[in-house]
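# Observations on chain architecture
Each chain, letter by letter, is given below.
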Amino acid sequence: GGKNMIKMVDLKACFENMGFTDVVTYIQSGNVLFKAPEKDKITLTKKILQKLATGLPPGSSITALRLSKASYRGTMRLLVRLLAGEPPSKLSPPT
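Notes on the structure follow. (Residues numbered from 1 in each chain as written. Predicted model: local features only at pLDDT ≥ 70, side-chain atom pairs only at ≥ 80, totals over all residues. Heavy atoms only, no water.)

## A short note on the pattern of salt bridges
- Inspection of the entire model under this criterion finds two salt bridges.
- Between E16 and K12 there is a salt bridge, and its shortest N-O distance comes to 3.7 Å. Of this pair, E16 and K12 are both found in helix α1 (residues 8-17), four residues apart, which corresponds to roughly one turn of the helix.
- Note on E16: relative accessible area 40%, which makes it partly exposed.
- We note a salt bridge from D22 to K35, for which the minimum N-O separation is 3.3 Å. With a gap of 13 residues between them, D22 in strand β1 (residues 21-26) and K35 in strand β2 (residues 31-35) connect regions that are remote in the sequence. (Salt bridge = Lys/Arg side-chain N within 4 Å of Asp/Glu carboxyl O. Helix = DSSP H or I, 4+ residues; strand = E, 2+ residues; numbered from the N terminus. Buried < 20%, exposed > 50% of the residue type's maximum accessible area, 1.4 Å probe, protein only.)

So, in structure tokens, the structure goes:
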């Protein structure tokens, strides 16, 4: 906690710039809910990690994320949880 802080407004803007819709961030948690036309998790994970590497302010870095489906206010959306530190291999981006 407290290391590698990313402002949620920057994170939301980054996801909107990727073309995702209905983007919502949850407090300062690193969780992002959004809708995407792409349904393939591998493709989405690669796209998100590549964009986060260049689309966030200097000093911000994301090493891994977990992508899953979530219900938010009655609609299904994708949920991204940004992870700090070295993730277990099952959470690493696909190669």
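From this point on, the discussion continues.
## Here's the deal with the nonpolar core
- The biggest cluster of nonpolar side chains holds 21 residues, and the ones touching the most others in it are L11, F15, F20, F34, I48, L52 and V80.
- Of all the secondary-structure elements, those providing two or more residues to this core are α1, β2, α2 (41-55), β3 (64-72) and β4 (75-83).
- Setting aside anything within four residues of it in sequence, one finds F20 in contact with F15, F34, K35, A36, L44, K47 and I48. (Core = buried A, V, L, I, M, F, W, Y, C linked by side-chain atoms within 4.5 Å. Contact = heavy atoms within 4.5 Å.)

## A look at unusual backbone geometry
- The phi dihedral of D22 falls on the positive side, at around 50°, and the residue is not glycine.
- Taking relative accessible area as the criterion, D22 reaches 40% and is therefore assigned partly exposed.

So far we have only geometry, and geometry alone does not tell us how the molecule works.
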